[in-house]
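Read off the chains here:
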Amino acid sequence: MRLNLLVSRHQCEVGGSVVFTGHEPGLVQLVNYYRGADKLCRKASMVKLIKTSPELSDSSNWFPESYIIYPTNLNTPVAPAKNGINHLKSNPKTDEREVFLASYHAKKESGEGTVWIAKSSAGAKGAGIFISHDANQLVEYIDNQGQVHVIQKYLEKPLLLEPGHRKFDIRIWVLVDHQYNIYLYREGVLRTSSEPYNSSDLQDMTSHLTNHCIQKEQSQNYGRYEEGNEMFFDEFRLYLLNTHNVALETAILPQIKQIIKSCLTCIEPTISTKHLSYQSFQLFGFDFMLDENLKVWLIEINGAPACAQKLYPELCQGIVDVAISSVFTLNSSSDCSSSSPYSSSPSSSFITNSCSSPKLRGPLHVGPFTRL
């Protein structure tokens, strides 16, 4: 979902959508992404941010152990096994293969599990992924791919859905407005596997990856358990209560909210556009998994997330109400005192509120969104 808004007095119709063009003094430009958000949305950058940010020192509780690996043909400096984090902090690019190998062998000796997953830093739709018990195979795979990857400890004991003994992940949509208020969309979706989870067969991607494209293209059971391999929160609430006797709102969502807030608050000073000549908002897709103990793990963050078709109308209207109507109102006056900075009415004729002000806290609830 990509809509680029550039506001001026001129409008033109493009493919049925209203596109605002031009830029004049005194008018506000609003774009639907934050510059620098790739620090969270590219896998290698996210790993570096999480591992080197003091604010995220508790990340080992919610982010799987991860390492950035560059292929040898890029001649990237290799961090020493015993001083990896310091090297990562002081070098823009660091190959952590030696640190990874040291951790791999330590875990193997202690019996903590030897399955790891390699993921292309810029990969999507399940591309560039390799799962293995063998550390040398993982590193060799990355060297042959010729691009930076992340090697991450595989969650070997995930919570599974019945019937079918199947894996799933959870997609949560999060909206950050121009004042950097963080809003959680009311609905979430489980993206489910069509095939039983089989820890002894790491080559069957339909058993291990829940990406829609992989399930739809490779599994003959696609759609057998849930339409489009999607389970929404209402159904998941009942499942958790009936199967595990726990409530989504008390056992799962508090963990998710804390992780989201920690990640986005950490990068606010770096990506905020508050003092620039334009303003930003962005919709993020946070992907989580649960282990067998109902512990939440962050898997990745998407800066241009896909959305279930049935949620489009409500989600899009909510984005307008939270992120757009709060900047462009129907009020013809530009006087700060005469217009609410957080109008929840969608505008058909946008007048910019260009008043300079410190960060304002948005309303707690706007349509389907709740402020964290």
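The shown structure was predicted, so the numbers you read here are calculated from the model rather than taken from an experiment. (Residues numbered from 1 in each chain as written. Predicted model: local features only at pLDDT ≥ 70, side-chain atom pairs only at ≥ 80, totals over all residues. Heavy atoms only, no water.)

K.L.:
Account for the overall build of the protein chain, with residues named and values stated.
P.N.:
Looking only at helices and strands, one finds 10 helices and 17 strands in the protein chain. For the protein chain, buried positions account for 51% of its 372 residues. Across the protein chain, the fraction of contacts at a sequence separation of at least 24, relative to all contacts at a separation of at least 6, is 63%. Element-wise, carbon and sulfur atoms account for 50% of the exposed surface of the protein chain, whose accessible area totals about 17,500 Å². (Helix = DSSP H or I, 4+ residues; strand = E, 2+ residues; numbered from the N terminus. Buried < 20%, exposed > 50% of the residue type's maximum accessible area, 1.4 Å probe, protein only. Contact = heavy atoms within 4.5 Å. Areas by Shrake-Rupley, 256 points an atom, 1.4 Å probe, with all protein chains shown as cover.)

K.L.:
Which residues make up helix 4 (residues 97–110), and what values do they have?
P.N.:
Owing to its 3.6 residues per turn, the α-helix aligns residues three or four sequence positions apart on the same side. With 14 residues, helix 4 should reach 20 Å at 1.5 Å per residue; the first-to-last C-alpha distance of 20 Å fits that figure. Taken as a whole, helix 4 has its buried residues at Arg-97, Val-99, Phe-100, Leu-101, Ser-103, Tyr-104 and Lys-107. Elements that come into contact with the buried residues of helix 4 comprise strand 4 (66–69), helix 3 (84–90), strand 5 (116–120), helix 5 (135–145) and strand 7 (149–153). (Expected span 1.5 Å × (residues − 1).)

K.L.:
If you had to explain unusual backbone geometry to someone new, which residues and values would you point to?
P.N.:
Omega for the bond connecting Glu-162 with Pro-163 falls within 30 degrees of zero, at 0°, which places this linkage in the cis form. Within the fold, Pro-163 resides in the loop between strand 7 and strand 8 (168–176). Even without being glycine, Asn-229 reaches a positive phi, approximately 55°. Structurally, the position occupied by Asn-229 is in the loop between helix 7 (212–218) and strand 10 (230–232).

K.L.:
Provide a residue-level description of the environment of His-178, including the pertinent values.
P.N.:
Assignment of secondary structure puts His-178 in the loop between strand 8 and strand 9 (182–192). Along the chain, His-178 and Gln-279 lie 101 residues apart, while their C-alpha atoms are 5.7 Å from each other.

K.L.:
Describe in detail the sheet that holds strand 5, supporting the description with residues and values.
P.N.:
Read from one edge of the open sheet, four strands run 4-7-5-6, paired in antiparallel fashion. Sheet topology places strand 4 and strand 6 (129–132) at the edges, where each strand pairs with a single neighbour. Across the sheet, the mean angle from the axis of one strand to that of its neighbour is 20°, orientation sign disregarded. (Pairing = 2+ DSSP bridges. Axes fitted to C-alpha atoms, helices over the stretch in contact; angles between N-to-C directions.)

K.L.:
So what's going on with the environment of Met-46? Residues and values would help.
P.N.:
Of note, Met-46 is situated in helix 2 (residues 43–52). Between the C-alpha atom of Met-46 and that of Glu-300, which follows or precedes it by 254 residues, the distance is 8.2 Å. Setting aside chain neighbours within four positions, we find Met-46 in contact with Lys-39, Leu-40, Phe-63, Leu-298, Ile-299, Glu-300 and Ile-301.

K.L.:
Tell me about the confidence of the model for the protein chain, residues and numbers included.
P.N.:
Scored by pLDDT, the protein chain has a mean of 85; 84% of the residues are at 70 or more. Counting contacts from residues 332–357, a segment whose pLDDT is below 50, to residues more than four positions away or on other chains yields 59 contacts. (pLDDT = per-residue confidence, 0-100.)

K.L.:
Let's hear about the pattern of salt bridges: which residues, and what values?
P.N.:
Using the criterion set out here, one finds 15 salt bridges in the structure. In this structure, Glu-314 and Arg-186 form a salt bridge, with 2.8 Å as the shortest nitrogen-oxygen distance. In this pair, Glu-314 is assigned in helix 10 (residues 312–324) and Arg-186 in strand 9, connecting sequence segments 128 residues apart. According to the relative accessible area criterion, Glu-314 is partly exposed, its value standing at 30%. Of the charged contacts in the structure, one is a salt bridge between Arg-237 and Asp-234, with a shortest N-O distance of 3.0 Å. Taken as a pair, Arg-237 and Asp-234 lie in helix 8 (residues 233–244) at a separation of three residues, close to a single helical turn. Under the relative-accessibility criterion, Arg-237 is labelled partly exposed at 24%. (Salt bridge = Lys/Arg side-chain N within 4 Å of Asp/Glu carboxyl O.)

K.L.:
I'd like to hear about the pairing of strand 8, residue by residue, with values.
P.N.:
Buried residues dominate strand 8, accounting for nine of its nine residues. Of the two faces of strand 8, both are covered, the one formed by Phe-168, Ile-170, Ile-172, Val-174 and Val-176 as well as the one formed by Asp-169, Arg-171, Trp-173 and Leu-175. Where strand 8 meets strand 9, eight bridges bridge the pair, whose relative direction is antiparallel. Across the sheet, Val-174 pairs through a bridge with Leu-184, a residue of strand 9. Here strand 8 hands over to strand 9 after five residues, with Tyr-180 in that stretch at a positive phi of 65°.

K.L.:
Describe the pairing of strand 9, listing the residues and the values that go with them.
P.N.:
Regular strands place their side chains on alternate faces of the sheet. When you tally the buried positions in strand 9, you get 10 out of 11 residues, the bulk of the element. Where strand 9 lies against strand 17 (residues 369–371), three bridges are found, and the strand directions are antiparallel. Opposite Leu-184, over in strand 17, you have Thr-370 as the bridge partner. Bridging between strand 9 and strand 10 involves three bridges; their strand directions are antiparallel. Residue Leu-190 lies in a different strand from strand 10, and its bridge partner there is Met-231.

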